[in-house]
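Below, each chain spelled out in residue letters.
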Amino acid sequence: MTGNSVDRVTAGFTEARRVADALLFEGYVLYPYRASARKNQLRWQFGVLVPPAWQDAGGEHTSQRTECLLEPRRADRLLVELRFLQVRRRSVERLSPDGESWTEVAELDLPDRVLVPWDEGEEERVELDVPLGRLAGEGHTLRFELPGGVEHEPVHDGAAGVVGRLVRHSRPLAGEIRLVTEPLPGPYGALRLTATVHNVSAWTPGPKEAGNRESALPHSLIGAHLLLGLPGGRFLSMADPPEWAGPAARTCRNEHTWPVLACGEGRDEVMLSSPIILDDHPEVAAESPGPLYDSTEIDEILSLRTAALTEREKREARGTDARAAEVIDLVDGMPAEVMERLHGAIRGLREVTGEVTGEVTGGWAGRTTAGDVPGAAWSSDGARPSSDDAGIDLTVVPPSMAPPSAGLRLPTGPGLPWWDPAQDSASAPGRGTVTIDGHVLRAGSRVLLQPGLRRSDAQDIFLAGRTATVEAVLEDFDGETHIGVTVDGDPGTDVRREQGRFLYFRPDEVDPVPESVRAPARDVEGGV
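The following paragraphs examine the structure supplied in this document. Bear in mind that the values here come from a model prediction, so they are computed numbers and not experimental data.

What counts, and where the lines are drawn
- Residues numbered from 1 in each chain as written.
- Predicted model: local features only at pLDDT ≥ 70, side-chain atom pairs only at ≥ 80, totals over all residues.
- Heavy atoms only, no water.
- Helix = DSSP H or I, 4+ residues; strand = E, 2+ residues; numbered from the N terminus.
- Buried < 20%, exposed > 50% of the residue type's maximum accessible area, 1.4 Å probe, protein only.
- Contact = heavy atoms within 4.5 Å.
- Areas by Shrake-Rupley, 256 points an atom, 1.4 Å probe, with all protein chains shown as cover.
- Phe/Tyr/Trp six-rings, centres within 6.5 Å; stacked < 30°, edge-to-face > 60°.
- Lys NZ or Arg CZ within 6 Å of the ring centre and 35° of its normal.
- Arc of directions from axis to C-beta.
- Salt bridge = Lys/Arg side-chain N within 4 Å of Asp/Glu carboxyl O.

## A look at the overall build of the protein
When its secondary structure is counted, the protein shows 10 helices and 23 strands. The buried share of the protein, reckoned over its 528 residues, is 48%. Of the contacts formed within the protein by residues at least 6 apart in sequence, a portion of 70% connects residues at least 24 apart. For the protein, the accessible area works out to roughly 26,000 Å², and carbon and sulfur atoms hold 50% of it.

If you want it as structure tokens, here you go:
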């Protein structure tokens, strides 16, 4: 391990924290950013590790487990950083006119803000630097403790001086991080790393606290996630491991978290294990002006709606939390050119050419990558359009299709020509077929879902082993085949069919089910 490799991991941690912050504070305070809003009555949904005494009562988890693969190479140490929020329960008190006593109040109305009771989140970090050799066998366990306490912050009202105070209560927390490695068979010298985080706080709910989640939260680790660094070595992707590591990657057991390679493409010395499922090399969009804490909304719409809040609502948001105040100030001061960037961005455009691979007939699906422009392949006279005004070649050819018929009309002139599915009979879903293991699949065929081979989407893995009905066989502009299905037993099948919102799999992710095997009845009460 060299100084340069350590510096590279340290810089990687700094870069990864940008993404990790978006995870740590996701849902921290939701639009309209006021404590009184119904959306902010139930908080802390991701990565909550509760005390052991609450796990059975509340149905939440007391630990998370990360398993991943690594190649030490020149590395002799593992750097670990556990990050989470500790709840600080805030109350508001008013100073009596004689200045001698304090009275707890529901709100304190000030000219610039309205202060109200609120649960704040204080970021905490637990850092480890452990020799790799110490992780073999029984491994290494670190216990950490955070003390509770009470803090008072005076509240000033201009010339009137102190008019109240904020009182913040935090409760003691205790946890453990356990790290263990075991060698993988074979000549590569790779290791399987297991990292578990446990909340071991001794708190138990009293008679009045039983069944009350709000009582357990101050004793919980909120938004817990890990950063792992290997100076001089590399981590292996869990979604796309090398062929030799595939069997070992498939046996890794991750519970309540999912590890991905952090930092930019080509970087593999830092891994982020997150309670929110991500792809490898996640990044914050360059267009993002700052954290908005609410991924249930589109940034542009969220910013416009926040700007439209009344002054009273903005004052309450500023008094709810310092981070909510930053959002209000960010939106109020957002330049028009920054707001325009939120409308969307084209990451790249490319020409698609080549022959179709595989035996596919029928229609083709919409675009599959940012920049593929549906219907930009042919104009009404059979010519390929382009956008010379924009200086970009927008030529996109569906490889397996002849030019559309003369009845298909596309807009002409400057701008982006667009595909009209209503005029394109070839695009009608359900007309395609694909042959798998000698079986011809079409709409109505039944299949067994086997997405684990690709491991490209952790969400798909949840469906491994389920049977499904084919709704459409489609081909995209790249010539790739996609099989749209509805999962057998899904009570939302009718809605999916009405809206055309199917789940899509590649041909190598499904196995044909013989027609003699009947589909199970729908579970109209319990869901899939």
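Following the structure, the description resumes.
## Observations concerning the packing of aromatic side chains
Using the criterion set out here, one finds 7 aromatic pairs in the structure. Plain terms: the ring middles of Y31 and Y33 are 6.3 Å apart, the flat faces sit at 90° to each other, and that makes the pair edge-to-face. Note on Y188 and W244: the rings are 3.9 Å apart at their centroids and 15° apart in plane angle, and the pair reads as stacked. Of this pair, Y188 sits in the loop between β10 (173-183) and β11 (191-199) while W244 sits in the loop between β13 (234-235) and α4 (246-250); the two residues are 56 residues apart in sequence, bridging distant segments of the chain. By relative accessible area, Y188 is classed as partly exposed at 43%. Looking at R43, its charged tip hangs above the ring of Y28, at a distance of 5.1 Å from the centre. Taking the ring centre of Y28 as reference, the NZ or CZ of R323 above it sits at 4.9 Å.

## Quick word on helix α5 (residues 299-307)
Of all the residues in α5, the buried ones are E300, L302, S303 and T306. For α5, the angular spread of the buried residues around the axis is 165°, confining them to a single face.

## With respect to unusual backbone geometry
Both trends apply: most residues other than glycine have a negative phi, and most peptide bonds are in trans. A cis amide bond links Y31 with the next residue in sequence, P32, at an omega value of 10°. Structurally, P32 can be placed in the loop between α1 (3-24) and α2 (52-58). Positive phi, normally seen in glycine, also occurs at Y33, with a value near 65°. One non-glycine residue, R73, adopts positive backbone phi at about 50°.

## With respect to the pattern of salt bridges
With the rule as written, the count across this model stands at 40 salt bridges. One salt bridge connects R8 with E269, and the closest N-O pair in it is separated by 3.2 Å. With R8 in helix α1 and E269 in the loop between β14 (258-261) and β15 (270-274), this pair connects stretches of sequence that are 261 residues apart. When its relative accessible area of 42% is taken as the criterion, R8 is described as partly exposed. Relative accessible area serves as the criterion here: at 5%, E269 is assigned to the buried category. With its nearest N and O atoms 2.7 Å apart, the salt bridge here joins R446 to D488. Highlighted residues: R446 in strand β19 (residues 446-449) and D488 in the loop between β21 (481-487) and α10 (493-499), separated in sequence by 42 residues. Here the two residues R446 and D488 agree in accessibility, since each one is buried. Each of R88, R90, E120, E122, E151, E153 and R168 takes part in salt bridges that share partners, so that together they form one network.

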